[in-house]
Amino acid sequence: MEFQPLLLRVPHIQRKSRFPNLTLVLAACAACIGGTFQYGYNISVINAPTKPVQSFINETWIHRYGTHIQEGILTLLWSVIVSVFTLGGFIGASVGGMLAIRFGRKGALLLNSVFALLASLLMGLSYPTGVFELLIVGRFLIGLNAGIGICVQPLYLGEIAPKSLRGAMAMGTSIFITGGILTGQVVGLKELLGGDDYWPILLSTSCIPAILQFLILPWFPESPRYLLIDKGDDIQCSKALKQLHGSESYHYEREDMEQERVAMLGVKPKKTMGALHGSKPALAAPYHHATELRTAAQWHQRYLFLCKLCVHSSWYPSGEDPLHHNRDWSL
């Protein structure tokens, strides 16, 4: 008598590789345009108006104190305007994870756009009001926006993407950073908004990506993983998965998230940390392991952001951009 393995009797279901859903691609673009695009854009756009802003600071100083500003003080003020972006980015990257848990991934991104709008308003009003300190506050707020965006946006992209496309979706972070740097360099040309009279408008253009995100991102769902694991909302999770992946293949991603929820909560849903300490090691171990992985990933994102800030800030330590100020087009 011949015996056959039982597994041969189970029909094998293979996931077909396919292109991402259009809704998924648009949701990723809506998240990136107000996230890492802002980071790249504001890294590069500040280099174009170096001379006009320094002239504005000198004129304001003369109006206030009746004398020209010293060169050392002018250099110090300009350096603070440029580098305070890094301080805001550090704080933003530190609180980004907390905001993503409190308000959700999509909610944190929308809340983050408020900082960009406020920063654009302050930097745009600095010249009409004659208060150059508004540039410092505005740069700090836009740095805060960049720090939160580069922390929350990869989290949102990784959680809405199917398992087979998470690596490709993660590339959106680097692509939009590069696109933001390129856009900032192009818009900052003297032929566009890099002239002496247009620098307040140039620094206020950070509001455009924020407004686009406010208009587009609310039409897309929250992270399904956040809805299922953090909020425990099965109905909204299923709706989000159907919208992002289609009604035919969403259940594959739902199975993966169910397994993750079981692993993190030790089979019993919404079990607290204190209760898990007193439970069986077989149930508590997967939760602690998953928690350690999430914590390590969050700190890795923060350190990565700081490294990027240091590298990009070292390009123009004094705010001088050779592309805009030391060029000669004459033949």
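Here's what I pulled together on the structure shown here. (Residues numbered from 1 in each chain as written. Predicted model: local features only at pLDDT ≥ 70, side-chain atom pairs only at ≥ 80, totals over all residues. Heavy atoms only, no water.)

## Observations concerning the overall build of the protein
For step 1, the next point in the chain: When helices and strands are tallied, the protein shows 15 helices and 0 strands.
For step 2, the next point in the chain: Buried positions account for 46% of the 331 residues belonging to the protein.
For step 3, the next point in the chain: Within the protein, contacts between residues separated by at least 24 positions form 78% of all contacts whose residues are at least 6 apart in sequence.
For step 4, the next point in the chain: When the accessible area of the protein is evaluated, it comes to approximately 17,600 Å², of which 66% is carbon and sulfur surface. (Helix = DSSP H or I, 4+ residues; strand = E, 2+ residues; numbered from the N terminus. Buried < 20%, exposed > 50% of the residue type's maximum accessible area, 1.4 Å probe, protein only. Contact = heavy atoms within 4.5 Å. Areas by Shrake-Rupley, 256 points an atom, 1.4 Å probe, with all protein chains shown as cover.)

## Observations regarding the nonpolar core
For step 1, the next point in the chain: By size, the foremost hydrophobic cluster in this structure holds 31 residues, and its most contacted members are Y156, L157, I160 and M169.
For step 2, the next point in the chain: Elements represented by at least two residues in this core include exactly helix 1 (22-33), helix 2 (36-45), helix 4 (71-103), helix 5 (105-129), helix 6 (133-160) and helix 7 (166-187).
For step 3, the next point in the chain: Ranked by the residues each element gives to this core, the list is headed by helix 1, at 7 residues.
For step 4, the next point in the chain: Core analysis: the second largest hydrophobic core is formed by 29 residues, F85, I177, I181 and W199 among them. (Core = buried A, V, L, I, M, F, W, Y, C linked by side-chain atoms within 4.5 Å.)

## Comments concerning the pattern of salt bridges
For step 1, the next point in the chain: Counting across every chain of the model gives 4 salt bridges.
For step 2, the next point in the chain: Measuring nitrogen to oxygen at the nearest pair gives 2.9 Å for the salt bridge that ties E133 to R64. Of this pair, E133 sits in helix 6 while R64 sits in helix 3 (residues 50-65), and the two are 69 residues apart along the sequence.
For step 3, the next point in the chain: Among the residues examined, R64 registers a relative accessible area of 34% and is labelled partly exposed.
For step 4, the next point in the chain: Between R105 and E159 there is a salt bridge whose closest N-O contact spans 2.9 Å. Pair noted here: R105 is in helix 5 and E159 is in helix 6, with a separation of 54 residues, a long-range link. (Salt bridge = Lys/Arg side-chain N within 4 Å of Asp/Glu carboxyl O.)

## Describing the packing of helix 4 against helix 5
For step 1, the next point in the chain: Viewed as axis vectors pointing N to C, helix 4 and helix 5 meet at an angle of 120°, and their least axial separation amounts to 6 Å. Considering the angle they form, helix 4 stands oblique to helix 5. The way helix 4 lies across helix 5 gives a crossing that is right-handed. The residues of helix 5 that touch helix 4, namely those facing L99, A100, I101 and F103, are R105, G107, A108 and L111.
For step 2, the next point in the chain: In terms of residue class, the contact of helix 4 with helix 5 is built from 6 nonpolar, 1 polar and 1 charged. (Axes fitted to C-alpha atoms, helices over the stretch in contact; angles between N-to-C directions. Parallel < 35°, antiparallel > 145°, perpendicular 65-115°, else oblique. Left-handed = near helix turned anticlockwise from the far one by under 90°. Nonpolar A, V, L, I, M, F, W, Y, C, P; charged D, E, K, R; others polar.)

## Side note on the side chain of N112
For step 1, the next point in the chain: By the secondary structure assignment, N112 is in helix 5.
For step 2, the next point in the chain: By relative accessible area, which is 1% here, N112 ends up buried.
For step 3, the next point in the chain: Each residue touching N112, except ones within four places of it in the same chain, is listed here: G34, L144, N145, I148 and G149.

## Remarks on a nonpolar patch on the surface
For step 1, the next point in the chain: Judged by side-chain polarity, F103, L111, V114, I208, I211, L212, F214, L215 and I216 come together as a nonpolar surface patch covering roughly 730 Å² of accessible area.
For step 2, the next point in the chain: Sorting the residues of the nonpolar patch by element identifies helix 5 and helix 9 (207-216) as the ones contributing at least two each.
For step 3, the next point in the chain: If one sorts the elements of the nonpolar patch by residue count, helix 9 sits on top with 6 residues.
For step 4, the next point in the chain: By the secondary structure assignment, I211 is in helix 9.
For step 5, the next point in the chain: Residue I211 is classed as partly exposed on the basis of its relative accessible area of 40%. (Patch = residues over 30% accessible without salt bridge, like charges linked within 9 Å, V, L, I, M, F, W, Y side chains within 5 Å.)

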